[in-house]
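# A look at the structure
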2 protein chains.
Amino acid sequence: MKKERYEMRFCGSGGQGVITAAVIFAEAAGVYGDYYVCQTQSYGPQSRGGTSMAEVVISPHEIDYPKVVNMDCLLAMNQTALDSFFSDFSPKGLLVVDSTFVGQTPTSSSISLPFTEVARELGKEIVANIVALGAVGQLCGKLPIADLEKAVLARVPEKFRDLNREALFAGVDLVKDVNVEGLNHTPSLDDIYGLSD
Amino acid sequence: MKKERYEMRFCGSGGQGVITAAVIFAEAAGVYGDYYVCQTQSYGPQSRGGTSMAEVVISPHEIDYPKVVNMDCLLAMNQTALDSFFSDFSPKGLLVVDSTFVGQTPTSSSISLPFTEVARELGKEIVANIVALGAVGQLCGKLPIADLEKAVLARVPEKFRDLNREALFAGVDLVKDVNVEGLNHTPSLDDIYGLSD
(Lines give C-alpha, C1' and ligand atoms only; values in the text may rest on other atoms or scores of the structure.)
Protein backbone atom coordinates (compact mmCIF):
# COMPACT_ATOMS: atom_id res chain seq x y z
CA MET A 1 0.00 0.00 0.00
CA LYS A 2 1.67 3.18 -1.20
CA LYS A 3 1.04 6.40 0.72
CA GLU A 4 1.51 10.11 0.00
CA ARG A 5 2.73 10.94 3.47
CA TYR A 6 3.85 9.34 6.73
CA GLU A 7 2.38 11.03 9.83
CA MET A 8 3.85 10.79 13.33
CA ARG A 9 3.00 12.17 16.75
CA PHE A 10 5.28 12.14 19.82
CA CYS A 11 3.73 12.87 23.22
CA GLY A 12 4.74 12.88 26.87
CA SER A 13 5.04 15.15 29.88
CA GLY A 14 6.68 18.56 29.63
CA GLY A 15 10.09 17.33 30.78
CA GLN A 16 10.32 14.20 28.64
CA GLY A 17 11.81 15.89 25.60
CA VAL A 18 9.25 14.95 22.97
CA ILE A 19 9.59 18.26 21.11
CA THR A 20 13.37 17.86 20.93
CA ALA A 21 12.86 14.28 19.71
CA ALA A 22 10.48 15.48 16.99
CA VAL A 23 12.86 18.24 15.86
CA ILE A 24 15.71 15.70 15.65
CA PHE A 25 13.59 13.15 13.77
CA ALA A 26 12.46 15.86 11.33
CA GLU A 27 16.05 16.98 10.74
CA ALA A 28 17.23 13.41 10.18
CA ALA A 29 14.60 12.96 7.45
CA GLY A 30 14.61 16.49 5.99
CA VAL A 31 18.14 17.84 6.37
CA TYR A 32 20.25 14.66 6.33
CA GLY A 33 17.71 12.66 4.32
CA ASP A 34 15.91 13.50 1.10
CA TYR A 35 12.34 13.92 2.34
CA TYR A 36 10.12 16.95 2.67
CA VAL A 37 9.22 17.28 6.34
CA CYS A 38 6.92 19.49 8.39
CA GLN A 39 7.37 19.49 12.14
CA THR A 40 4.81 21.26 14.33
CA GLN A 41 3.79 21.81 17.91
CA SER A 42 0.56 23.39 18.96
CA TYR A 43 -0.19 24.98 22.29
CA GLY A 44 -3.52 25.88 23.81
CA PRO A 45 -5.37 25.33 27.07
CA GLN A 46 -4.47 21.61 26.94
CA SER A 47 -0.74 22.41 26.92
CA ARG A 48 -0.95 24.07 30.30
CA GLY A 49 -1.61 20.74 32.01
CA GLY A 50 2.04 19.80 31.61
CA THR A 51 1.49 17.51 28.64
CA SER A 52 3.60 18.00 25.55
CA MET A 53 2.93 16.97 21.94
CA ALA A 54 4.78 17.32 18.66
CA GLU A 55 4.06 16.14 15.14
CA VAL A 56 6.18 15.17 12.15
CA VAL A 57 4.80 14.73 8.63
CA ILE A 58 7.18 13.21 6.06
CA SER A 59 6.73 12.98 2.30
CA PRO A 60 8.82 12.68 -0.86
CA HIS A 61 6.71 15.57 -2.19
CA GLU A 62 5.97 19.07 -0.97
CA ILE A 63 3.60 18.98 1.98
CA ASP A 64 0.34 20.89 1.75
CA TYR A 65 -1.21 20.44 5.19
CA PRO A 66 1.51 20.24 7.84
CA LYS A 67 -0.40 18.59 10.69
CA VAL A 68 -1.37 14.99 11.37
CA VAL A 69 -4.64 13.88 9.77
CA ASN A 70 -4.32 10.09 9.91
CA MET A 71 -1.64 9.03 12.36
CA ASP A 72 0.72 6.29 11.17
CA CYS A 73 2.96 6.30 14.23
CA LEU A 74 2.38 7.40 17.81
CA LEU A 75 5.14 7.50 20.41
CA ALA A 76 3.75 7.97 23.92
CA MET A 77 6.12 8.52 26.83
CA ASN A 78 3.46 8.39 29.56
CA GLN A 79 -0.13 7.31 30.21
CA THR A 80 -1.77 10.74 30.39
CA ALA A 81 -0.24 11.79 27.10
CA LEU A 82 -1.26 8.53 25.43
CA ASP A 83 -4.85 8.92 26.61
CA SER A 84 -4.94 12.56 25.44
CA PHE A 85 -3.37 12.14 22.02
CA PHE A 86 -4.49 8.73 20.83
CA SER A 87 -7.31 10.17 18.72
CA ASP A 88 -6.63 10.26 14.94
CA PHE A 89 -4.61 7.04 15.32
CA SER A 90 -4.83 4.88 12.22
CA PRO A 91 -6.19 1.37 12.98
CA LYS A 92 -3.09 -0.11 11.39
CA GLY A 93 -0.71 2.44 12.88
CA LEU A 94 2.44 1.80 14.86
CA LEU A 95 1.97 2.52 18.58
CA VAL A 96 5.18 2.66 20.62
CA VAL A 97 5.01 3.38 24.36
CA ASP A 98 7.48 3.78 27.20
CA SER A 99 6.61 0.83 29.46
CA THR A 100 8.15 2.73 32.39
CA PHE A 101 5.18 5.13 32.46
CA VAL A 102 2.45 3.50 30.35
CA GLY A 103 0.43 0.71 31.96
CA GLN A 104 -2.51 0.41 29.61
CA THR A 105 -2.61 0.71 25.84
CA PRO A 106 -5.81 1.14 23.85
CA THR A 107 -4.76 -1.50 21.30
CA SER A 108 -3.18 -4.90 21.78
CA SER A 109 -0.80 -4.42 18.86
CA SER A 110 1.30 -1.79 20.61
CA ILE A 111 5.02 -2.07 21.29
CA SER A 112 6.02 -1.44 24.88
CA LEU A 113 9.69 -0.73 25.58
CA PRO A 114 11.40 0.53 28.75
CA PHE A 115 12.91 3.79 27.36
CA THR A 116 13.21 5.57 30.68
CA GLU A 117 14.57 2.52 32.50
CA VAL A 118 17.25 2.13 29.85
CA ALA A 119 18.08 5.84 30.11
CA ARG A 120 18.43 5.51 33.89
CA GLU A 121 20.85 2.64 33.39
CA LEU A 122 22.90 4.92 31.12
CA GLY A 123 23.02 7.40 34.01
CA LYS A 124 20.67 10.17 32.82
CA GLU A 125 16.91 9.81 32.73
CA ILE A 126 16.62 12.81 30.40
CA VAL A 127 17.99 10.85 27.44
CA ALA A 128 14.91 8.60 27.44
CA ASN A 129 13.68 10.61 24.45
CA ILE A 130 16.83 9.70 22.50
CA VAL A 131 16.50 6.02 23.42
CA ALA A 132 12.93 6.22 22.09
CA LEU A 133 14.17 7.92 18.89
CA GLY A 134 16.53 5.03 18.20
CA ALA A 135 13.71 2.53 18.60
CA VAL A 136 11.12 4.47 16.59
CA GLY A 137 13.63 5.17 13.83
CA GLN A 138 14.15 1.43 13.41
CA LEU A 139 10.50 0.49 13.67
CA CYS A 140 8.99 3.04 11.33
CA GLY A 141 10.95 2.14 8.22
CA LYS A 142 14.10 2.96 6.37
CA LEU A 143 15.34 6.05 8.14
CA PRO A 144 19.11 5.39 8.14
CA ILE A 145 20.46 5.26 11.67
CA ALA A 146 23.47 7.29 10.46
CA ASP A 147 21.15 10.19 9.58
CA LEU A 148 19.47 10.01 12.97
CA GLU A 149 22.87 9.95 14.64
CA LYS A 150 24.00 13.07 12.74
CA ALA A 151 20.79 14.86 13.68
CA VAL A 152 21.16 13.92 17.37
CA LEU A 153 24.80 15.00 17.55
CA ALA A 154 24.03 18.34 15.86
CA ARG A 155 21.37 19.16 18.50
CA VAL A 156 23.07 18.29 21.79
CA PRO A 157 25.84 20.14 23.62
CA GLU A 158 29.30 18.75 22.89
CA LYS A 159 29.90 17.30 26.34
CA PHE A 160 26.72 15.19 26.12
CA ARG A 161 27.39 13.75 22.67
CA ASP A 162 28.75 10.39 23.81
CA LEU A 163 25.85 9.87 26.20
CA ASN A 164 23.31 10.71 23.51
CA ARG A 165 24.97 8.45 20.94
CA GLU A 166 24.89 5.63 23.49
CA ALA A 167 21.22 6.35 24.18
CA LEU A 168 20.35 6.27 20.47
CA PHE A 169 22.01 2.92 19.93
CA ALA A 170 20.50 1.52 23.12
CA GLY A 171 17.14 2.30 21.53
CA VAL A 172 18.16 0.52 18.35
CA ASP A 173 19.18 -2.51 20.43
CA LEU A 174 15.84 -2.58 22.25
CA VAL A 175 14.08 -3.22 18.97
CA LYS A 176 16.11 -6.33 18.25
CA ASP A 177 13.83 -8.23 20.62
CA VAL A 178 10.63 -6.96 19.01
CA ASN A 179 8.61 -9.35 16.90
CA VAL A 180 8.59 -7.28 13.72
CA GLU A 181 6.59 -9.98 11.90
CA GLY A 182 3.52 -8.61 13.61
CA LEU A 183 4.25 -5.19 12.11
CA ASN A 184 4.14 -6.42 8.54
CA HIS A 185 0.79 -4.85 7.76
CA THR A 186 1.70 -1.52 9.37
CA PRO A 187 2.37 1.37 6.98
CA SER A 188 5.99 2.50 7.17
CA LEU A 189 8.26 5.15 5.73
CA ASP A 190 9.14 2.60 3.03
CA ASP A 191 5.56 2.74 1.83
CA ILE A 192 5.48 6.37 0.79
CA TYR A 193 5.68 7.14 -2.90
CA GLY A 194 8.57 8.56 -4.73
CA LEU A 195 11.98 7.92 -3.25
CA SER A 196 12.30 4.29 -4.27
CA ASP A 197 9.95 4.53 -7.28
CA MET B 1 -6.18 47.63 13.63
CA LYS B 2 -7.31 44.39 15.26
CA LYS B 3 -5.99 41.13 13.85
CA GLU B 4 -6.99 37.48 14.14
CA ARG B 5 -3.44 36.20 14.38
CA TYR B 6 0.15 37.37 14.78
CA GLU B 7 2.59 35.61 12.44
CA MET B 8 6.34 35.37 13.00
CA ARG B 9 9.28 33.81 11.19
CA PHE B 10 12.78 33.30 12.61
CA CYS B 11 15.62 32.43 10.21
CA GLY B 12 19.39 32.01 10.24
CA SER B 13 22.09 29.46 9.59
CA GLY B 14 21.86 25.92 10.93
CA GLY B 15 23.92 26.66 14.02
CA GLN B 16 22.28 29.91 15.07
CA GLY B 17 19.52 28.33 17.13
CA VAL B 18 16.46 29.79 15.40
CA ILE B 19 14.39 26.64 15.91
CA THR B 20 15.17 26.62 19.63
CA ALA B 21 14.27 30.33 19.75
CA ALA B 22 10.94 29.65 18.04
CA VAL B 23 10.11 26.76 20.38
CA ILE B 24 10.89 28.96 23.39
CA PHE B 25 8.85 31.88 22.06
CA ALA B 26 5.92 29.55 21.35
CA GLU B 27 6.09 28.08 24.86
CA ALA B 28 6.24 31.53 26.45
CA ALA B 29 3.03 32.49 24.63
CA GLY B 30 1.24 29.14 24.69
CA VAL B 31 2.30 27.37 27.88
CA TYR B 32 3.12 30.27 30.21
CA GLY B 33 0.81 32.73 28.43
CA ASP B 34 -2.84 32.39 27.44
CA TYR B 35 -2.56 32.26 23.66
CA TYR B 36 -3.12 29.50 21.18
CA VAL B 37 0.17 28.95 19.36
CA CYS B 38 1.34 26.85 16.42
CA GLN B 39 5.07 26.45 15.91
CA THR B 40 6.37 24.81 12.75
CA GLN B 41 9.51 24.05 10.82
CA SER B 42 9.56 22.78 7.30
CA TYR B 43 12.41 20.98 5.61
CA GLY B 44 12.99 20.32 1.93
CA PRO B 45 15.73 20.80 -0.64
CA GLN B 46 16.26 24.39 0.60
CA SER B 47 17.05 23.17 4.13
CA ARG B 48 20.06 21.24 2.93
CA GLY B 49 21.91 24.49 2.15
CA GLY B 50 22.52 25.05 5.85
CA THR B 51 19.76 27.63 6.26
CA SER B 52 17.25 27.19 9.03
CA MET B 53 13.72 28.61 9.39
CA ALA B 54 10.97 28.34 11.96
CA GLU B 55 7.53 29.90 12.25
CA VAL B 56 5.28 30.89 15.15
CA VAL B 57 1.61 31.77 14.75
CA ILE B 58 -0.13 33.23 17.81
CA SER B 59 -3.83 33.85 18.33
CA PRO B 60 -6.34 34.18 21.17
CA HIS B 61 -8.46 31.69 19.22
CA GLU B 62 -7.86 28.19 17.89
CA ILE B 63 -5.58 28.30 14.88
CA ASP B 64 -6.83 26.80 11.63
CA TYR B 65 -3.82 27.12 9.31
CA PRO B 66 -0.57 26.77 11.28
CA LYS B 67 1.90 28.37 8.86
CA VAL B 68 2.72 31.99 8.08
CA VAL B 69 0.52 33.61 5.43
CA ASN B 70 1.15 37.30 6.04
CA MET B 71 4.29 37.82 8.10
CA ASP B 72 4.02 40.38 10.92
CA CYS B 73 7.50 39.83 12.30
CA LEU B 74 10.69 38.50 10.74
CA LEU B 75 13.86 37.85 12.74
CA ALA B 76 16.86 37.24 10.46
CA MET B 77 20.16 36.15 11.99
CA ASN B 78 22.17 36.36 8.74
CA GLN B 79 22.05 37.78 5.22
CA THR B 80 21.44 34.56 3.28
CA ALA B 81 18.52 33.63 5.49
CA LEU B 82 17.04 37.12 5.23
CA ASP B 83 17.25 37.04 1.44
CA SER B 84 15.69 33.56 1.32
CA PHE B 85 12.83 34.11 3.73
CA PHE B 86 11.78 37.72 3.26
CA SER B 87 8.91 36.78 0.94
CA ASP B 88 5.42 36.97 2.55
CA PHE B 89 6.64 39.89 4.67
CA SER B 90 3.84 42.32 5.42
CA PRO B 91 4.65 45.88 4.24
CA LYS B 92 4.04 47.15 7.77
CA GLY B 93 5.75 44.21 9.44
CA LEU B 94 8.51 44.29 12.04
CA LEU B 95 11.89 43.30 10.58
CA VAL B 96 14.62 42.62 13.16
CA VAL B 97 18.10 41.59 11.99
CA ASP B 98 21.39 40.67 13.62
CA SER B 99 23.69 43.49 12.48
CA THR B 100 26.67 41.17 13.05
CA PHE B 101 25.75 39.13 9.96
CA VAL B 102 23.24 41.25 8.00
CA GLY B 103 24.61 44.09 5.90
CA GLN B 104 21.68 44.93 3.67
CA THR B 105 17.99 44.99 4.52
CA PRO B 106 15.24 45.11 1.89
CA THR B 107 13.33 47.81 3.76
CA SER B 108 14.55 50.95 5.48
CA SER B 109 12.29 50.46 8.47
CA SER B 110 14.19 47.48 9.81
CA ILE B 111 15.75 47.26 13.25
CA SER B 112 19.40 46.20 13.26
CA LEU B 113 20.87 45.01 16.55
CA PRO B 114 24.20 43.28 17.30
CA PHE B 115 22.85 40.04 18.81
CA THR B 116 25.92 37.93 18.12
CA GLU B 117 28.36 40.63 19.24
CA VAL B 118 26.49 40.93 22.52
CA ALA B 119 26.51 37.14 22.92
CA ARG B 120 30.28 37.09 22.33
CA GLU B 121 30.71 39.69 25.07
CA LEU B 122 28.76 37.40 27.40
CA GLY B 123 31.27 34.68 26.56
CA LYS B 124 29.25 32.30 24.35
CA GLU B 125 28.30 33.12 20.78
CA ILE B 126 25.64 30.39 20.82
CA VAL B 127 23.35 32.44 23.07
CA ALA B 128 22.87 35.02 20.30
CA ASN B 129 19.45 33.44 19.69
CA ILE B 130 18.44 34.14 23.30
CA VAL B 131 19.67 37.76 23.07
CA ALA B 132 17.50 38.08 19.95
CA LEU B 133 14.53 36.55 21.80
CA GLY B 134 14.77 39.19 24.50
CA ALA B 135 14.74 41.95 21.90
CA VAL B 136 11.96 40.51 19.73
CA GLY B 137 9.84 39.77 22.79
CA GLN B 138 9.98 43.44 23.73
CA LEU B 139 9.46 44.76 20.23
CA CYS B 140 6.54 42.63 19.14
CA GLY B 141 4.10 43.55 21.90
CA LYS B 142 2.99 42.55 25.32
CA LEU B 143 4.66 39.19 25.79
CA PRO B 144 5.63 39.41 29.48
CA ILE B 145 9.38 39.08 29.91
CA ALA B 146 8.71 36.84 32.94
CA ASP B 147 6.97 34.30 30.66
CA LEU B 148 9.86 34.39 28.20
CA GLU B 149 12.29 33.90 31.07
CA LYS B 150 10.36 30.86 32.35
CA ALA B 151 10.31 29.37 28.86
CA VAL B 152 14.06 29.93 28.37
CA LEU B 153 14.98 28.43 31.74
CA ALA B 154 12.79 25.37 31.12
CA ARG B 155 14.60 24.63 27.83
CA VAL B 156 18.29 25.01 28.71
CA PRO B 157 20.52 22.69 30.76
CA GLU B 158 20.79 23.72 34.39
CA LYS B 159 24.43 24.79 34.23
CA PHE B 160 23.70 27.26 31.42
CA ARG B 161 20.68 28.91 33.05
CA ASP B 162 22.49 31.98 34.38
CA LEU B 163 24.17 32.61 31.05
CA ASN B 164 20.86 32.32 29.19
CA ARG B 165 19.04 34.58 31.63
CA GLU B 166 21.81 37.15 31.17
CA ALA B 167 21.50 36.81 27.40
CA LEU B 168 17.73 37.31 27.50
CA PHE B 169 17.98 40.50 29.53
CA ALA B 170 20.86 41.77 27.40
CA GLY B 171 18.42 41.52 24.48
CA VAL B 172 15.80 43.46 26.43
CA ASP B 173 18.40 46.14 27.16
CA LEU B 174 19.35 46.44 23.48
CA VAL B 175 15.85 47.56 22.67
CA LYS B 176 15.99 50.49 25.08
CA ASP B 177 17.92 52.44 22.44
CA VAL B 178 15.45 51.66 19.66
CA ASN B 179 13.15 54.42 18.46
CA VAL B 180 9.88 52.66 19.05
CA GLU B 181 7.94 55.70 17.84
CA GLY B 182 8.69 54.56 14.32
CA LEU B 183 7.05 51.23 15.11
CA ASN B 184 3.72 52.75 16.02
CA HIS B 185 1.98 51.65 12.86
CA THR B 186 3.41 48.12 13.04
CA PRO B 187 0.94 45.38 14.01
CA SER B 188 1.87 43.86 17.34
CA LEU B 189 0.73 41.10 19.65
CA ASP B 190 -1.37 43.74 21.42
CA ASP B 191 -3.41 44.14 18.25
CA ILE B 192 -4.84 40.64 18.12
CA TYR B 193 -8.43 40.17 19.18
CA GLY B 194 -9.67 38.58 22.28
CA LEU B 195 -7.34 38.68 25.26
CA SER B 196 -7.86 42.31 26.16
CA ASP B 197 -11.35 42.61 24.62
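Residues numbered from 1 in each chain as written. Chains lettered and ligands numbered in written order. Predicted model: local features only at pLDDT ≥ 70, side-chain atom pairs only at ≥ 80, totals over all residues. Heavy atoms only, no water.

On a plain count of helices and strands, chain A comes out with six helices and six strands. Each helix and strand of chain A, ordered N terminal to C terminal, gives the series β-α-β-β-β-α-β-β-α-α-α-α. Its C-alpha atoms give chain A a radius of gyration of 15 Å, within 12% of the compact-globule value 16 Å for 197 residues. With respect to the principal axes defined by its C-alpha atoms, chain A has extents near 45 × 35 × 35 Å. Taken across its 197 residues, chain A has 58% of its residues classed as buried. For chain A, the accessible area works out to roughly 8,200 Å², and carbon and sulfur atoms hold 49% of it. Each charge class in chain A was averaged separately, 16 positive and 25 negative side chains, and the resulting centres sit 4 Å apart. (Helix = DSSP H or I, 4+ residues; strand = E, 2+ residues; numbered from the N terminus. Rg over C-alpha atoms; globule rule 2.2 N^0.38 Å. Buried < 20%, exposed > 50% of the residue type's maximum accessible area, 1.4 Å probe, protein only. Areas by Shrake-Rupley, 256 points an atom, 1.4 Å probe, with all protein chains shown as cover. Lys, Arg positive; Asp, Glu negative; His and termini not counted. Charge placed at Lys NZ, Arg CZ, Asp CG, Glu CD.)

Right, let's talk about the interface of chain A and chain B for a bit. In many reports, interface size means the accessible area that the parts give up when they come together. Between chain A and chain B, the contact holds 28 residues from the first and 28 residues from the second. When the two sides are added together, the surface that chain A and chain B hide from each other amounts to roughly 2,200 Å², 53% of it contributed by carbon and sulfur. Together, Val31, Tyr43 and Arg48 of chain A form the three largest contributors to the area buried by chain A at its contact with chain B, with a combined 27%. Here chain A and chain B share eight residue pairs in polar contact (both at pLDDT 80 or more) between them. If you list the elements that add at least two residues to the side of chain A that touches chain B, you get α1 (18-30) and β2 (36-43) of chain A. Looking at the side of chain A that touches chain B element by element, the count peaks at eight residues for β2 of chain A. In the side of chain A that touches chain B, the residues fall into 12 nonpolar, nine polar and seven charged. Where β2 of chain A meets strand β2 (residues 36-43) of chain B, seven bridges bridge the pair, whose relative direction is antiparallel. Looking at β2 of chain B, one finds that threonine 40 of chain A is bridged to threonine 40 of chain B. (Contact = heavy atoms within 4.5 Å. Buried area = accessible area lost by both parts, 1.4 Å probe. Polar contact = N/O pair within 3.5 Å; in protein donor to acceptor, adjacent residues only side chain to side chain. Nonpolar A, V, L, I, M, F, W, Y, C, P; charged D, E, K, R; others polar. Pairing = 2+ DSSP bridges.)

Our focus in this paragraph is the packing of helix α5 (residues 145-155) of chain A against helix α6 (residues 161-175) of chain A. Residue and element names in this part refer to chain A. Their axes nearest at 10 Å, the elements α5 and α6 cross at an angle of 150 degrees. When the axis of α5 is compared with that of α6, the two are roughly antiparallel. Between α5 and α6 lies a crossing whose hand is right-handed. Residues Ile145, Leu148, Glu149, Val152 and Leu153 of α5 form the contact with α6, whose own contacting residues are Arg161, Asn164, Arg165, Leu168, Phe169 and Val172. (Axes fitted to C-alpha atoms, helices over the stretch in contact; angles between N-to-C directions. Parallel < 35°, antiparallel > 145°, perpendicular 65-115°, else oblique. Left-handed = near helix turned anticlockwise from the far one by under 90°.)

All names here are of chain A. Considering the arrangement of structural elements, one finds aspartate 98 in strand β5 (residues 89-98). Arginine 120 provides the closest opposite charge to the buried, unpaired aspartate 98, separated from it by 7.9 Å. At a separation of 3.3 Å, a polar atom in the side chain of aspartate 98 contacts the main-chain amide nitrogen of phenylalanine 115. Aspartate 98 has contacts with Ala76, Met77, Leu113, Pro114, Phe115 and Thr116, leaving out every residue within four places of it along the chain. (Salt bridge = Lys/Arg side-chain N within 4 Å of Asp/Glu carboxyl O.)

Time to look at α1 of chain A. With 13 residues, α1 of chain A extends 18 Å between its outermost C-alpha atoms, agreeing within 8% with the 18 Å of an ideal straight helix rising 1.5 Å per residue. Along α1 of chain A, the residues that are buried comprise Val18, Ile19, Ala21, Ala22, Val23, Ile24, Phe25, Ala26, Glu27, Ala28, Ala29 and Gly30 of chain A. (Expected span 1.5 Å × (residues − 1).)

Right, let's talk about the confidence of the model for chain A for a bit. Chain-level pLDDT for chain A is 90 on average; 93% of the residues reach the 70-or-more range. The ipTM for the predicted assembly is 0.88, set against a pTM of 0.92. (pLDDT = per-residue confidence, 0-100.)

Turning our eyes to something else, we now look at the environment of tyrosine 32 of chain A. Residues and elements named next belong to chain A. Mapping tyrosine 32 onto the fold places it in the loop between α1 and β2. Placed 144 residues apart in sequence, tyrosine 32 and lysine 176 show a C-alpha to C-alpha distance of 24 Å. Excluding its chain neighbours within four sequence positions, the residues that come into contact with tyrosine 32 are Glu27, Asp147, Lys150, Ala151 and Ala154.

This part covers the state of the cysteines. All names here are of chain B. The final tally for this structure, using the stated rule, is zero disulfides over all chains. Sulfur of cysteine 11: no disulfide; nearest cysteine sulfur belongs to cysteine 73 and is 10 Å away. Cysteine 140 carries a free sulfur, and the closest cysteine sulfur to it, the one in cysteine 73, is 5.9 Å from it. What makes cysteine 140 buried here is its relative accessible area of 0%. (Disulfide = S-S within 2.5 Å.)

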